[in-house]
Amino acid sequence: MAQKKVIIVWLANGFDPTEPSRTDPLSQEALAWAVRNYRRHVRDGTRVFFLLIKSIVRSANNDVLHEVLYKEALDARVAPADIVLSRETTGSPTDGLAIALVSRDHPDAKLELYVCMKEAADYFLVMYPAVAKHIIRYQMPLLDMRTLDTKAGIKSRFLYRAMRAVTQVARMTKPTFRLWYNFLNWAYRRRVTHGFGRTIK
């Protein structure tokens, strides 16, 4: 019987505004949930790939997000041998590409994604498969989204609902989706040089 496999993806919200050298409380809560299930899977004999998005965005004091994520995953006792660091990313479109590429390398692995807000998860459910389909011609497996019971501000909720609506329209054809994908990537490049805080507030 083949060994079960799962890819756990911790989708952090961003840096703590009071201490930019660490992730914010929502990210910490999502990590704790992801790690609990990581340990359960390991106990059950499942092969776990703990995927960390290699986000190159920086905080106001120049901390690189993926370096902070890696340290916090190790502090939470995720085994280094189980950690997979994705290709570099700057935002949700390239995050989706990174996840799709790892999924394509392990097509028999389930995908568990730990997200900080329902509206964000709803957007990712549209964006990530569209990236896989239109950018690398890959059909992603079912995305098992695990979301926190987050009471985010109205601005954050509206932002993700609007992004989801535009993505739903753009994904209908490859040319329109590529335009949207490239526009978002251009916009997110500012996070690398101008400092990034957190997405959900």
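Look up a bit, the structure's there.
All of the points below concern the structure found in this document. Numbering of residues begins from 1 in every chain and follows the order in which that chain's sequence is written. Residues qualify for local features only when their pLDDT is at least 70, as the model is predicted, and side-chain atom pairs are given and counted only at 80 or more; totals for whole chains, interfaces and linings, by contrast, use all residues. Side-chain figures throughout are based on the complete set of non-hydrogen atoms in the structure, without hydrogens or water.

1. Examining the side chain of Ser-92
Step number 1: Each helix is a run of DSSP H or I of at least 4 residues and each strand a run of E of at least 2, with the numbering of both proceeding from the N terminus. Of note, Ser-92 is situated in helix α3 (residues 92-105).
Step number 2: We define a polar contact as two N or O atoms separated by no more than 3.5 Å, with the added condition that, inside protein, one atom must be a possible hydrogen donor and the other a possible acceptor, whereas residues neighbouring each other in sequence contribute only through side-chain atom pairs. A polar side-chain atom of Ser-92 sits 2.7 Å from a polar atom in the side chain of Tyr-123.

2. Concerning the packing of helix α5 (residues 154-170) against helix α6 (residues 174-188)
The description of two packed helices rests on the angle between their axes and on the distance between the axes.
Step number 1: As a rule, the C-alpha atoms of each element are fitted with a line to give its axis, helices using only the stretch in contact, and angles between N-to-C directions run from 0 to 180 degrees. One way to put it is that α5 packs onto α6 with a least axis distance of 8 Å and a crossing angle of 145°. Contact with α5, carried on its side by Met-163, Val-166, Thr-167, Val-169 and Ala-170, involves Thr-176, Phe-177, Trp-180, Leu-184 and Tyr-188 of α6 and no other residues of that element.
Step number 2: For the contact of α5 with α6, the per-class residue count stands at eight nonpolar, two polar and no charged. Between two residues, a contact is recorded if the distance between any of their heavy atoms is within 4.5 Å. As a working rule, the residues Ala, Val, Leu, Ile, Met, Phe, Trp, Tyr, Cys and Pro are called nonpolar, Asp, Glu, Lys and Arg charged, and the rest polar, with Gly in that last group.

3. Observations regarding a positive patch on the surface
Step number 1: Excluding any residue in a salt bridge, patches collect residues exceeding 30% relative accessible area, merging like charges within 9 Å and nonpolar Val, Leu, Ile, Met, Phe, Trp and Tyr side chains within 5 Å. Computed by Shrake-Rupley with a 1.4 Å probe, the accessible areas treat only the displayed protein chains as cover when residues are assessed. Criterion for a salt bridge: a side-chain nitrogen of Lys or Arg within 4 Å of a carboxyl oxygen of Asp or Glu. His is not counted, nor are the chain ends; Lys and Arg add positive charge and Asp and Glu add negative charge. The atoms used to mark charge sites are NZ of Lys, CZ of Arg, CG of Asp and CD of Glu. On the surface, Lys-4, Arg-39, Arg-40, Arg-43, Arg-77 and Lys-110 cluster together into a patch of positive charge.
Step number 2: Take the positive patch: its biggest share by element is three residues, from helix α1 (residues 25-43).
Step number 3: Looking at the secondary structure, you find Arg-39 in helix α1.
Step number 4: Arg-39 sits in the partly exposed class, given a relative accessible area of 37%. Burial classes follow relative accessibility: with a 1.4 Å probe on protein chains only, a residue under 20% of its type's maximum area counts as buried, one over 50% as exposed, and anything between as partly exposed.

4. Structural notes on the packing of aromatic side chains
Step number 1: Note on ring pairs: Phe, Tyr and Trp rings are taken, using the six-membered ring of Trp, and paired if centres are within 6.5 Å. Classes follow the plane angle, with under 30 degrees stacked, over 60 edge-to-face and the rest tilted. In the structure shown here, the tally under the stated rule is nine aromatic pairs.
Step number 2: Centroid distance Tyr-38 to Phe-50: 5.7 Å. Interplanar angle 80°. Geometry classified as edge-to-face. One end of the pair, Tyr-38, is in helix α1; the other, Phe-50, is in strand β4 (residues 47-55), and twelve residues separate them in sequence.
Step number 3: When the centroid spacing of 4.9 Å and the interplanar angle of 5° are considered together, the rings of Phe-124 and Tyr-128 count as stacked. Placement of the pair is Phe-124 and Tyr-128 together in helix α4 (residues 118-136), with a separation of four residues, close to one helical turn. Neither residue differs from the other here; Phe-124 and Tyr-128 are each classed as buried.
Step number 4: Taken together, Tyr-123, Phe-124, Tyr-128 and Tyr-160 form an aromatic cluster joined through their ring pairs.

5. With respect to the sheet that holds strand β7 (residues 143-147)
Step number 1: For two strands to pair, DSSP has to find at least two bridges joining them. Ordered by their spatial adjacency, five strands build an open sheet running β5-β4-β1-β6-β7, and the pairing between neighbours is parallel. The two strands at the open ends of the sheet, each matched to only one other strand, are β5 (83-89) and β7. Strand-to-strand twist across the sheet, computed as the mean angle between neighbouring axes with direction ignored, equals 25°.
Step number 2: Bridge analysis of strand β1 (residues 5-10) against β4 gives five bridges, and the strand direction is parallel. If you follow Ile-8 over to β4, its bridge partner there is Phe-50.

6. Remarks on the nonpolar core
Note on soluble globular proteins: their nonpolar side chains tend to be buried together.
Step number 1: In plain words, nonpolar cores are sets of buried Ala, Val, Leu, Ile, Met, Phe, Trp, Tyr and Cys residues tied together by side-chain atoms within 4.5 Å. Residues Val-9, Leu-11, Ile-99, Leu-113, Phe-124, Tyr-128 and Met-140 are the most contacted members of the largest nonpolar core, which totals 40 residues.
Step number 2: Among the elements of the structure, β1, β4, α3, β6 (110-115), α4, β7, α5 and α6 are those that each provide at least two residues to this core.
Step number 3: Setting aside chain neighbours within four positions, we find Phe-124 in contact with Leu-11, Ser-92, Val-115, Pro-129, Leu-143, Met-145 and Tyr-160.
Step number 4: In this structure, Val-6, Trp-10, Val-68 and Tyr-114 belong to the second largest nonpolar core, which totals 24 residues.

It is worth stressing that arrangement in space is one thing and function is another; only the former is reported here.
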